[in-house]
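Next come the chains, spelled out residue by residue.
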Amino acid sequence: MDRSNGIYDQVEQDTPEARAARQLDKVQTVIATAMKSSGEFKARMKAAGLCAKDIKDLDSFSRIPVLRKKELLGLQQDKGLDWLLTAAPGELSRIYQSPGPLFDPEGREKDYWGWTEGFYAAGFRPGDLVQMTFSYHLTPAGLMLEEPLREIGCAVIPAGPGNTTVQSQLMTSLPVTGFVGMTSFLKVIADKASAAGMDLKKDFNLDVAFVAAERLPESLRTEVEEAFGMKVRQGYGTADVGCLAYECLELGGMHVSSRCYVEICDPQTGSPLPMGEMGEVVVTPYTLSYPLIRFGTGDLSRMVDTPCACGRTAPKLAGILGRVDDTAKVKGQFIYPAQVAQVVAKFPQIEKHQIVITNEDDRDLLTLKLQLSAPLDESVFVPAFQEMVKLRPALDLLKNSDQIEDGAAPLVDLRTYE
Ligand SMILES: [Zn+2]
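Residues numbered from 1 in each chain as written. Predicted model: local features only at pLDDT ≥ 70, side-chain atom pairs only at ≥ 80, totals over all residues. Heavy atoms only, no water.

Asks: Before we move on, could you go through the overall build of the chain and cite the residues and values that matter?
Replies: Per the secondary structure count, the chain includes 11 helices and 21 strands. Its C-alpha atoms give the chain principal-axis dimensions of about 65 × 65 × 40 Å. Relative to its 418 residues, the chain shows a buried fraction of 49%. For the chain, the computed accessible surface area is about 19500 Å², with 51% contributed by carbon and sulfur atoms. (Helix = DSSP H or I, 4+ residues; strand = E, 2+ residues; numbered from the N terminus. Buried < 20%, exposed > 50% of the residue type's maximum accessible area, 1.4 Å probe, protein only. Areas by Shrake-Rupley, 256 points an atom, 1.4 Å probe, with all protein chains shown as cover.)

Spelled out as structure tokens, the structure:
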């Protein structure tokens, strides 16, 4: 079976101009629908002094204030789910509940959560027998990721999470070629099967995996791929909006999905940032039942538009690089723990680090606590830090008796405001 050939939808090969025209057309349709019947969107536009005809292009679209994930829970609880919908609850397809508790409505549109092109890009093909290990209970994960498999023409074993022994028995007694779930869980299955004397390449038929919901270290990907002789590709999405981006077989980031408009924005102002800069992932899915227009995910990423050998032309998200909540603005500059970690990684004598932000007399101070195993040349470290983070840190070199605890927050903001 050739898993690398072809694409699911022609729009994945659009020119940048065609993509932008389609994006504008889609967001205008969502806006028109939301202006008619979403109480939330009408209120947001009114508060910003905007009406639908002000949104003439993608630049003016970006003037619509961002709806933050944090606000969504309060809106659902105070105003009721109806207020955010354009259809009556009984006209939806399903309503899930994710932790919060937050309702995740699913409309009746085809491929509602938009994962199908991602599964196709990951190598899933008609005739695959796929084991689904995400939960089907309350959370949208299981059903959300099953739909694309049915769309492509795969058969699904709705195994759900847990019960490693049964998972392994299913995979070895049936010709299971695909896995959907978390990579860490696939590794547990591999370790248990190996310990029981099974041969992961001969006793299993796994060819492809679509993984999500956790950070995927490259070392873990390689380990599982080599153990089973398979490809492991990841998707990025949320329970609110579904798929945002996915990896193709070429890797090098996650292609932005054609079923939503994704912007990388300044976490404070919500304005889009130039290509390549890090900021908050803001998404507008093109689905109409539950319009989440300019939805701020709270995730940090950057977009890259280097051409991909797979033939898909959509730019890529360069991974999820942290959470907005873990960032802080100091002297007009965002401090991203992921960038600090990148600098620190170049100095092996730094065992642990923590960013601490304080203020005194209206002046912000960024202190970097460092736990060292050997001396550090500050005249090399400080300029490297400044180059990446654009600020000069005060260094606090810890003594042995004063260590950074395991699992400590990467950034602590201790500023107080009178
Ligand atoms: Zn690609």
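Asks: Requested: an account of the sheet that holds strand β15 (residues 316-317), with residues and values cited.
Replies: Pairing within the open sheet is mixed, and its nine strands lie in the order β5-β4-β6-β7-β8-β9-β10-β15-β14. Unpaired on one side and paired on the other, β5 (155-157) and β14 (303-304) mark the two borders of the sheet. The pairing of β14 with β15 spans two bridges and is antiparallel. Within β15, the residue paired with Met 303 across the bridge is Leu 317. Against the sheet, helix α6 (residues 141-152) contacts β4 (129-132), β5, β6 (178-181), β7 (208-211), β8 (231-238) and β9 (242-246), and its axis sits at roughly 170 degrees relative to β4. (Pairing = 2+ DSSP bridges. Contact = heavy atoms within 4.5 Å. Axes fitted to C-alpha atoms, helices over the stretch in contact; angles between N-to-C directions.)

Asks: Any chance you could break down unusual backbone geometry for me, citing the residues and the numbers?
Replies: Phi is positive for Asn 163, which is not a glycine, with a value near 55 degrees. Relative to the assigned elements, Asn 163 resides in the loop between β5 and α7 (164-173). Since its relative accessible area comes to 52%, Asn 163 is described here as exposed. The phi angle at Arg 294 is positive, at roughly 50 degrees, despite the residue not being glycine. Relative to the elements of secondary structure, Arg 294 occurs in the loop between β12 (279-285) and β13 (295-301).

Asks: Please set out the pattern of salt bridges residue by residue, giving values where relevant.
Replies: Across all of its chains, the model carries 21 salt bridges by this definition. The residue Arg 221 makes a salt bridge to Glu 218 at a minimum N-O spacing of 2.9 Å. Residue Arg 221 and its partner Glu 218 are located together in helix α9 (residues 218-228), separated by three residues, close to a single helical turn. For Asp 299, the salt bridge goes to Arg 323, with nearest N and O atoms at 2.8 Å. Taken together, the positions of Asp 299 in strand β13 and Arg 323 in the loop between β15 and β16 (328-330) put the pair 24 residues apart, joining distant regions of the chain. Looking at Asp 299, the relative accessible area reads 12%, which means it is buried. (Salt bridge = Lys/Arg side-chain N within 4 Å of Asp/Glu carboxyl O.)

Asks: Can you lay out α7 for me, pointing to particular residues and giving the numbers?
Replies: Because each turn of an α-helix spans 3.6 residues, side chains separated by three or four positions end up pointing in the same direction. Within α7, the full set of buried residues consists of Thr 164, Gln 167, Ser 168 and Met 171. Mapping the buried residues of α7 onto a view down its axis gives an arc of 95 degrees, with all of them on the same face. Close packing links the buried residues of α7 with β4, β6 and α8 (183-195). (Arc of directions from axis to C-beta.)

Asks: If you had to explain the nonpolar core to someone new, which residues and values would you point to?
Replies: Grouped burial of nonpolar side chains is what soluble globular proteins tend to show. Counting residues in hydrophobic clusters, the biggest one holds 51 residues, and the most contacted among them are Phe 119, Phe 124, Val 180, Val 262 and Leu 317. Looking at which element gives the most residues to this core, the answer is α6, with six residues. When residues no more than four places from it in sequence are discounted, the contact partners of Val 262 are Leu 244, Val 256, Val 281, Val 282, Val 283, Met 303 and Leu 317. Formed by 21 residues, the second largest nonpolar core is a distinct cluster that contains Ile 157, Phe 204, Leu 206 and Phe 228. (Core = buried A, V, L, I, M, F, W, Y, C linked by side-chain atoms within 4.5 Å.)

Asks: Give a description of the side chain of Glu 263 that names residues and reports values.
Replies: Checked against the element boundaries, Glu 263 lands in strand β11 (residues 260-265). Given a relative accessible area of 3%, Glu 263 falls into the buried group. Engagement of the side chain of Glu 263 in a polar contact is seen with the side chain of Ser 62, the distance being 2.6 Å. Contacts of Glu 263, omitting those with residues within four sequence positions, involve Phe 61, Ser 62, Pro 272, Glu 280, Val 281, Val 282 and Arg 294. (Polar contact = N/O pair within 3.5 Å; in protein donor to acceptor, adjacent residues only side chain to side chain.)

Asks: Provide a residue-level description of the packing of aromatic side chains, including the pertinent values.
Replies: Under the definition given, this model contains 11 aromatic pairs. Centre to centre, the rings of Tyr 112 and Trp 113 are 4.9 Å apart; their planes meet at 85 degrees, and the pair counts as edge-to-face. Its relative accessible area of 6% is what places Tyr 112 among the buried residues. Look at Phe 119 and Phe 124: their rings are 5.2 Å apart centre to centre, the planes differ by 65 degrees, and that puts the pair in the edge-to-face class. In this structure Phe 124 comes out as buried when scored by relative accessible area, which is 0%. Just above the ring of Trp 83 sits the side chain of Lys 79; from NZ or CZ to the centre is 4.8 Å. Directly above the ring of Tyr 120 sits Arg 125, whose terminal nitrogen or CZ lies 3.7 Å from the centroid. (Phe/Tyr/Trp six-rings, centres within 6.5 Å; stacked < 30°, edge-to-face > 60°. Lys NZ or Arg CZ within 6 Å of the ring centre and 35° of its normal.)

Purely geometric stuff here, so don't read any function into it on its own.
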